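What follows is the residue order along each chain.
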Amino acid sequence: MKIKGIVLQCPDCNSILQGDSLACKNCSWSGEYTEGIYNFLPTTMEKEKINENLIHGKVQDPVWRDLVYKKKLYFDKFEKLWMKEVITSETKNFLELAGGLCYISALVKYHRPNITVWASDVSPLYLSTKSRKVSSIMDVNVDFYSAIDAENLPFDDAQFDAIFISHSIHHIGKIESMLQEVWRILKPGGRFLGVDIAAPGIKKLYKKDIGKRSERAIEFGIYEKSLRYQDWHKVLHNSTIPRFKLLYEPGPKTKIQWIRKIQNLKRRIPVWIKVSK
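Residues numbered from 1 in each chain as written. Predicted model: local features only at pLDDT ≥ 70, side-chain atom pairs only at ≥ 80, totals over all residues. Heavy atoms only, no water.

Asks: Teacher, can you tell me more about the overall build of the protein here?
Replies: When helices and strands are counted, the protein shows eight helices and eleven strands. A globule of 277 residues ought to have a C-alpha radius of gyration of about 19 Å, and the protein, at 18 Å, matches this closely. Each of the three principal axes of the protein carries a C-alpha extent, and together these read 55 × 40 × 40 Å. In the protein, buried positions account for 53% of the 277 residues. The contacts of the protein with a sequence gap of at least 6 include a subset with a gap of at least 24, amounting to 71%. In the structure as shown, the protein presents an accessible area of about 13,700 Å², 52% of it carried by carbon and sulfur atoms. One way to put it: in the protein the 44 positive side-chain charges average out to a point 8 Å from where the 31 negative ones average out. (Helix = DSSP H or I, 4+ residues; strand = E, 2+ residues; numbered from the N terminus. Rg over C-alpha atoms; globule rule 2.2 N^0.38 Å. Buried < 20%, exposed > 50% of the residue type's maximum accessible area, 1.4 Å probe, protein only. Contact = heavy atoms within 4.5 Å. Areas by Shrake-Rupley, 256 points an atom, 1.4 Å probe, with all protein chains shown as cover. Lys, Arg positive; Asp, Glu negative; His and termini not counted. Charge placed at Lys NZ, Arg CZ, Asp CG, Glu CD.)

Asks: Would you explain the environment of threonine 129 in this entry?
Replies: Note on placement: threonine 129 falls in helix α4 (residues 124-137). For threonine 129, a relative accessible area of 31% corresponds to the partly exposed category. Residues threonine 129 and valine 63 lie 66 residues apart in sequence; the distance between their C-alpha atoms is 8.7 Å.

Asks: Is there a simple way to think about the side chain of glutamate 181 in this case?
Replies: Tracing the chain through its elements places glutamate 181 in helix α5 (residues 175-185). The contacts of glutamate 181, once residues within four sequence positions are left out, are Ala150, Glu151, Asn152 and Leu153.

Asks: Which parts of the structure should I look at to understand the packing of aromatic side chains?
Replies: Each pair of aromatic rings is reported with the distance of its centres and the angle of its planes. Under the counting rule described, the total for this entry stands at twelve aromatic pairs. Consider the rings of phenylalanine 75 and tyrosine 103, whose centres lie 5.4 Å apart with planes at 10°: the pair is stacked. Taken as a pair, phenylalanine 75 in helix α2 (residues 63-86) and tyrosine 103 in helix α3 (residues 103-111) lie far apart in primary sequence, 28 residues in all. Judged by relative accessible area, which is 9%, phenylalanine 75 ranks as buried. Taken together through their ring pairs, the aromatic side chains of Tyr33, Tyr38, Phe40, Trp118, Phe144, Phe155 and Phe160 make up a single cluster. For the cation-ring pair, lysine 225 lies above tyrosine 223, with the distance from its terminal atom to the ring centre recorded as 6.0 Å. (Phe/Tyr/Trp six-rings, centres within 6.5 Å; stacked < 30°, edge-to-face > 60°. Lys NZ or Arg CZ within 6 Å of the ring centre and 35° of its normal.)

Asks: Please explain unusual backbone geometry as it appears in this structure.
Replies: With the exception of glycine, most residues fall at negative phi, and the peptide bonds are largely trans. Despite not being glycine, lysine 4 shows a phi value in the positive range, around 50°. For lysine 4, the location among the structural elements is in the loop between β1 (2-3) and β2 (6-7). Using a relative accessible area of 57% as the deciding quantity, one classes lysine 4 as exposed. One non-glycine residue, glutamate 35, adopts positive backbone phi at about 50°. For glutamate 35, the position within the fold is in the loop between β3 (32-34) and β4 (37-39).

What is shown is where atoms sit, not what they do.
Structure, rendered in structure tokens:
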């Protein structure tokens, strides 16, 4: 099955979906399309991923308030730093993983309306109650919203020119699996940028960061990881993807890597995972 040129596969058995049906002919899996949201989640998932969806049934913060908070932190970063790292003049389609509000997808559509944009998250409830409202507030039309498991992407090999994830990798259960999936569905010449946080390097501060993350993981029953720079590098190495770069994000005053490394000893610093296929 194709949706605007993207070939879909079953998240349970990895067979290519045939015809115009969201039901797999090779197993019992069946997707659905409801209220503008494609549900491509596998039949069974870990409880942490299910809890990600349940959380958003309890949190009732207005979308505009969430969006203002994100704008303050990340809109300028995307437009000035992140966008040029993942999108080129040749980019035809774009996938945002674990997007939450999926404001990045809306920004891509705003700046590059000719790109086919897929916004995704593991929570169909978040997508339906909040993410779609973001594109309305920003007055853009994101092409597709899809509930997907980032460790088990429902797309055939070599489908996307650009894939992006921002400050959500630490919520992924098996980050190595996600990276392998990203590599699989990237087209030759495609780009991936993942942005997240490196925990402080000093042992005492690192333990404090672990404690805060663990409290939230226990409270909500979700994945919440604290990773130092060297931990990120180990994850990337263990993923076995052929090519990657791990970098500290340029700061407001310096982009020199060894200075950022020193800063990271005492405080959390954003890091980039860059992949070009």
